Amino acid sequence: MGNTFTYKNPIYTDAFESIRDPQITVVDGVYYLTGSLPPYWEGLSPGMKLFRSPDLKNWEFAADLIRRDDVPDAAWYKDRFWAPEIHHTGGRFYLTFGAKNEAKGADFGMAVLVADEIAGPYRMLTEEGPLAVGRGIDLSLMTDDDGKIFGFWASGEWIQVAELGLEQATPLTEPARCVTMAPGTWEDRVIEGPYCIKRGGVYYLFYSCGARGYEVGYATAPSPFGPWTKAENNPLFGVQNQEACDKMGIPFTGDPDHPLFFAGHNSIFPGPDGRDWTSYLIQEKGKPEQMGIDPIWIEDGVVKTTA
């Protein structure tokens, strides 16, 4: 019999104090992790870092992906390095993240960088300005079976998609809306954190909403451009909290004694047992944000998970 993989969420490690929006890429059997680093809301973001692990539990620093101190003051991406992801396609590694220049009062835009190795060095493809699709955050890339690249991102009250040309980081199609917020439900207040996979010819788009705390749902479609159908078993996972529900005027239906404050903003990666796994932001009450990991699978078109 093979070894059983055991773990306990959240994944606490000395490699980083705290992390949000964790995303894992596997290269030659090694797990590489990046995500948003503190301070999240006040103070200057230090940049983005890469961590590596042989087993998803013991992590160590691997590289600086970008350091704020190395970014020119006039650059549009000087501040607020948010929700980085690394996408391996065509033999190269593409780093995406949201950023802005606070001194200029600019709004969030999305950056795309490229490197030949996962640890870099990365070259900025969007040096002159953000990806030309308008305001957005949480850009996530997906390579389709025919090699076409699609970018999914959060933009106000909806998740959008466009086909992208990665050589110059330019949109090849007009942005199209995938899923939108639903006022008065768990999908109110914010919709973000898209991540798309394709299984059995069907596209599965995950997204997170913060009306009742932080929760993850998904939608399915026959094409990246839809039509997208929200799943009947939404939200897939997450945590409600009474304060958030009261603020939004939404009934609280969760467990008041739940040990977690919230859980969400997930991504998918090949896990230690060969199945799909999800990584996601998880926070125990009174403790800093960390990463959670769990298996995720599809039965008769329905996504299921132990998260």
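Above this text sits the structure in question.
All of these numbers come straight from a predicted model, not from anything done at the bench.

**Q** It is not clear to me how the layout of surface pockets should be interpreted in this structure. Could you clarify?
**A** Gaps left between atoms show up when a probe the size of a water molecule is rolled over them. There is about 670 Å³ of room inside the largest pocket. Arg20, Trp41, Arg189, Val190 and Glu192 are the residues nearest the centre of the largest pocket, which is lined by 28 residues in total. Looking at the lining of the largest pocket, the elements that each hand over two or more residues are β1 (20-27), β5 (79-89), β9 (137-143), β16 (213-221), α1 (242-248) and β19 (260-270). It is α1 that provides the largest number of residues to the lining of the largest pocket, a total of four residues. Here the residues of the lining of the largest pocket are counted per class, giving 13 nonpolar, four polar and 11 charged. In this structure, the second largest pocket encloses a volume near 430 Å³. Along its surface, the second largest pocket is lined by 22 residues, and His87, Tyr195, Ile197, Arg199 and Ile268 are the ones closest to its centre. When residues of the lining of the second largest pocket are traced back to their parent elements, those giving at least two are β1, β5, β9, β14 (191-199) and β19. Along the lines of polarity and charge, the residues of the lining of the second largest pocket split into 11 nonpolar, five polar and six charged.

**Q** Sorry, what's going on with the nonpolar core here?
**A** Looking at soluble globular proteins, one finds that nonpolar side chains tend to be buried together. Counting 24 residues, the largest nonpolar core has Phe152, Ile159, Val179, Leu205, Tyr207 and Trp228 as its most contacted members. With four residues, the top contributor of residues to this core is strand β15 (residues 202-209). Apart from the residues within four sequence positions on either side, Val179 is in contact with Glu157, Trp158, Ile159, Ile191, Leu205, Tyr207, Ala219, Trp228 and Lys230. Residues Ala75, Ile86, Leu113 and Ile118 belong to the second largest nonpolar core, which totals 23 residues.

**Q** It is not clear to me how unusual backbone geometry should be interpreted in this structure. Could you clarify?
**A** A negative phi holds for most residues other than glycine; trans holds for most peptide bonds. Cis geometry marks the peptide bond from Asn9 to Pro10, where omega comes out at -10 degrees. Among the structural elements, Pro10 can be located in the segment before β1. Geometrically, the link from Gly226 to Pro227 is a cis peptide bond, its omega value of 0 degrees lying close to zero. When you line up the elements, Pro227 lands in the loop between β16 and β17 (229-230). Of note, the phi angle at Asp28 is positive, near 50 degrees, even though the residue is not glycine. With phi around 50 degrees, Asp300 is a residue other than glycine that occupies positive phi space. Among the structural elements, Asp300 can be located in the loop between β21 (290-299) and β22 (302-305).

**Q** I'm lost on the pattern of salt bridges in this one. Help?
**A** Two side chains with opposite charge may pair up if their charged atoms get near one another. The final tally for this structure, using the stated rule, is 18 salt bridges. Where Lys49 meets Asp64, a salt bridge forms, and the shortest distance between an N and an O atom there is 2.8 Å. Remark: Asp64 occurs in strand β4 (residues 60-67) and Lys49 occurs in strand β3 (residues 47-53); sequence separation between them is 15 residues. What makes Asp64 partly exposed here is its relative accessible area of 33%. Here Glu102 makes a salt bridge to Arg80, at a shortest N to O gap of 2.9 Å. On the criterion of sequence distance, the pair formed by Glu102 in the loop between β6 (92-100) and β7 (109-115) and Arg80 in strand β5 is long-range, its members being 22 residues apart. A cluster of three or more residues bridged by salt bridges with shared partners is formed by Arg67, Asp69 and Asp70.

**Q** Teacher, can you tell me more about the sheet that holds β21 here?
**A** Pairing between the strands of a sheet is mediated by backbone hydrogen bonds and can be parallel or antiparallel. Strands sit in the order β19-β20-β21-β22 across an open sheet of four strands; the sheet is antiparallel. Two strands close off the open sheet at either side, each with one partner strand: β19 and β22. When strand polarity is set aside, the average angle formed by the axes of neighbouring strands in this sheet is 35 degrees.

**Q** Teacher, can you tell me more about the packing of aromatic side chains here?
**A** To describe a pair of aromatic rings, you give the distance between the ring centres and the angle between the ring planes. A full pass over the atoms with the stated rule returns 18 aromatic pairs. An aromatic cluster of three or more residues is present, and its members are Phe5, Tyr7 and Trp277. Looking at Arg20, its charged tip hangs above the ring of Tyr40, at a distance of 5.3 Å from the centre. Seen from the ring of Trp158, Arg177 lies directly overhead, with NZ or CZ sitting 3.5 Å from the centre.

**Q** Would you mind going over the sheet that holds β1 with me for this structure?
**A** Within the open sheet, the four strands sit side by side as β1-β2-β3-β4. Their pairing is antiparallel. The sheet is open, and its two edges are formed by β1 and β4, each paired on a single side. Strand-to-strand twist in this sheet, taken as the mean axis angle between neighbours without regard to direction, amounts to 25 degrees.

Cut-off values and rules
Residues numbered from 1 in each chain as written. Predicted model: local features only at pLDDT ≥ 70, side-chain atom pairs only at ≥ 80, totals over all residues. Heavy atoms only, no water. 1 Å grid on protein atoms, 1.4 Å probe; cavity = no way out; pocket = protein on both sides within 12 Å on 5 of 7 lines; lining within 4 Å. Points joined across faces, edges and corners; volume = space filled by probe spheres on them. Helix = DSSP H or I, 4+ residues; strand = E, 2+ residues; numbered from the N terminus. Nonpolar A, V, L, I, M, F, W, Y, C, P; charged D, E, K, R; others polar. Core = buried A, V, L, I, M, F, W, Y, C linked by side-chain atoms within 4.5 Å. Buried < 20%, exposed > 50% of the residue type's maximum accessible area, 1.4 Å probe, protein only. Contact = heavy atoms within 4.5 Å. Salt bridge = Lys/Arg side-chain N within 4 Å of Asp/Glu carboxyl O. Pairing = 2+ DSSP bridges. Axes fitted to C-alpha atoms, helices over the stretch in contact; angles between N-to-C directions. Phe/Tyr/Trp six-rings, centres within 6.5 Å; stacked < 30°, edge-to-face > 60°. Lys NZ or Arg CZ within 6 Å of the ring centre and 35° of its normal.

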